[in-house]
Amino acid sequence: MAVTAFKPDISDATLADLRQRLRSTRWPDKVADSGWAYGFDTDVLRDIASYWADGFDWNAARERIHASDHAMVDVDGFALHVIRRGPVGPGPVIPLLVMHGLPSSFVQMLPLLDALPVAETAHGITFDVVVVSLPGYGFSDIPCAPGMNMQRAGALMTRVMAALGHERFAIRASDVGGAIARQICLNDRDRVLGLHISGTNPFLPPKLPADLTAEEQTFVEAARAWGASDGGYAHMHTTRPQTLAHALNDSPVGLAAWILEKFRDWGDTDGDLLGRFDRDALLANLTIYWATGTINSSMRLNIENIRDPGSLGRVQVPTGVLMGPKDMIPTPKSWVNRSYNVVSWKDADAGGHFMEWEEPVAVADNLCRFFANFIS
């Protein structure tokens, strides 16, 4: 295993091609005054595409990205992109693996990195942080053979941490990153000091528990309704991702619609995407997906996991949960505790599915509070 310095960048030719494709978009028709009733509002998307082509400054985004220390970790010929931020305070040092989800990237974690030092000081601890771009995401390598499911991705994460000198570590994760964290906890329990997660999981197991509480039954019904109204994307990801990828990998506007819809619907936006999320940060995330050609491989992780879900069972690692109030559907603690050893739970005052991006100060504070209490 080798660790080498790395500076994420995108070529001028790739950016010029992106801008030309955006300017040459063949727009579909739309029902008059339909807004979001049929999917992504075309008028909103036109404005975003226009700015992406002629207003978005990748150089400024790159400067923001380069403010962090980046590296590539080679694990038996498979390279994974990481951001490293060493300890910043005098308190007990805890190695911390941070993993994003879909349709996100390491960009989601930059606000958290900014917020952590104040929270670490307040709670008397410090993290040795490693933010990993998941396999097939961003600047990490694309798996070109079948079998890269959550369990295998988790094994890669533990080897990355070992390569960086961390045999035992804490984890902060959500969404797909949370699913990978779950596999690490089930397969390498002794390696994990503790787990801190956010986000609801609307996908129900094939067999439901027989002793559901009334609150859990409400959750199950909401999850079923969400699957019928909002789960179409997941059905595509887990059945025909290659078919969809031909469109998304060729059209930046198509890619924008597919990805940004999730931020609007899953975030604490009240329908106002750009009122909640910084436009340039969203476009930095989109530009990374576009330039690296990783929309297909990011989706493919889902179908690989359907084909082989890896280890099953209840996570025994001590788990802290910070739940956003505007995530996909309200999730009761008792439901999460069926799958995790929940020793700390907090309902956040604001935020949705992308808590590190939406409420980085709250995440940093709860994360530090959890591990400060856990190690004391």
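The coordinates are above.
Residues numbered from 1 in each chain as written. Predicted model: local features only at pLDDT ≥ 70, side-chain atom pairs only at ≥ 80, totals over all residues. Heavy atoms only, no water.

The helix and strand inventory of the protein chain stands at 16 helices and nine strands. Against the compact-globule benchmark of 21 Å for 376 residues, the protein chain has a radius of gyration of 20 Å, which places it among compact chains. Each of the three principal axes of the protein chain carries a C-alpha extent, and together these read 60 × 50 × 40 Å. Looking at the protein chain residue by residue over its 376 residues, the buried ones come to 53%. Contacts in the protein chain between residues far apart in sequence, at least 24 positions, make up 81% of those at least 6 positions apart. Carbon and sulfur atoms form 50% of the exposed surface of the protein chain, whose accessible area is close to 16000 Å². Side-chain charges in the protein chain split into 33 positive and 44 negative, and the spacing between the mean points of these groups amounts to 4 Å. (Helix = DSSP H or I, 4+ residues; strand = E, 2+ residues; numbered from the N terminus. Rg over C-alpha atoms; globule rule 2.2 N^0.38 Å. Buried < 20%, exposed > 50% of the residue type's maximum accessible area, 1.4 Å probe, protein only. Contact = heavy atoms within 4.5 Å. Areas by Shrake-Rupley, 256 points an atom, 1.4 Å probe, with all protein chains shown as cover. Lys, Arg positive; Asp, Glu negative; His and termini not counted. Charge placed at Lys NZ, Arg CZ, Asp CG, Glu CD.)

The next subject is the sheet that holds strand β6 (residues 169-174). Judged by pairing direction, the sheet is mixed, and its nine strands sit side by side in the order β1-β2-β3-β5-β4-β6-β7-β8-β9 without closing on themselves. The open sheet has two edge strands, β1 (2-5) and β9 (340-347), and neither has a second partner. Averaged over all neighbouring strand pairs, the angle between strand axes comes to 25 degrees, with direction disregarded. Alignment of strand β2 (residues 69-75) against strand β3 (residues 78-85), held across seven bridges, turns out to be antiparallel. Its bridge partner being in β3, Asp69 is matched across the sheet by Arg84. Docked against the sheet, helix α4 (residues 110-123) engages β3, β5 (126-132) and β6, running at close to 170 degrees with respect to β5. (Pairing = 2+ DSSP bridges. Axes fitted to C-alpha atoms, helices over the stretch in contact; angles between N-to-C directions.)

It is worth spelling out the packing of aromatic side chains at this point. What the rule picks out here adds up to 16 aromatic pairs. Consider the rings of Phe263 and Trp357, whose centres lie 5.3 Å apart with planes at 80 degrees: the pair is edge-to-face. Note that Phe263 is positioned in helix α10 (residues 252-266) and Trp357 in helix α15 (residues 355-358), a separation of 94 residues in sequence. Trp357 gets classed as buried once you look at its relative accessible area, which sits at 10%. Ring pairing ties together the aromatic residues Phe203, Trp226, Tyr233, Phe263, Trp266, Phe277, Phe354 and Trp357, which thus form one cluster. For the cation-ring pair, Arg182 lies above Tyr340, with the distance from its terminal atom to the ring centre recorded as 5.3 Å. A cation sits over an aromatic face here: Arg279 above Tyr51, 3.4 Å from the ring centre. (Phe/Tyr/Trp six-rings, centres within 6.5 Å; stacked < 30°, edge-to-face > 60°. Lys NZ or Arg CZ within 6 Å of the ring centre and 35° of its normal.)

The subject of this paragraph is helix α6 (residues 175-187). With 13 residues, α6 should cover 18 Å at 1.5 Å per step; its first-to-last C-alpha distance of 19 Å lies within 8% of that length. Within α6, burial applies to Val176, Gly177, Gly178, Ile180, Ala181, Arg182, Gln183, Ile184 and Cys185. (Expected span 1.5 Å × (residues − 1).)

This part covers the pairing of strand β7 (residues 192-198). Within β7, six of the seven residues are buried, leaving the element largely enclosed by the surrounding structure. Where β6 and β7 come together, five bridges link them in parallel fashion. Paired with Arg172 across the two strands is His196, which belongs to β7. Running through α6, the crossover from β6 to the neighbouring parallel element β7 is right-handed. Pairing of β7 with strand β8 (residues 315-323) involves three bridges; the strand directions are parallel. Paired with His196 across the strands is Gly320, a residue of β8. (Right-handed = clockwise from strand over helix to strand, strands pointing away.)

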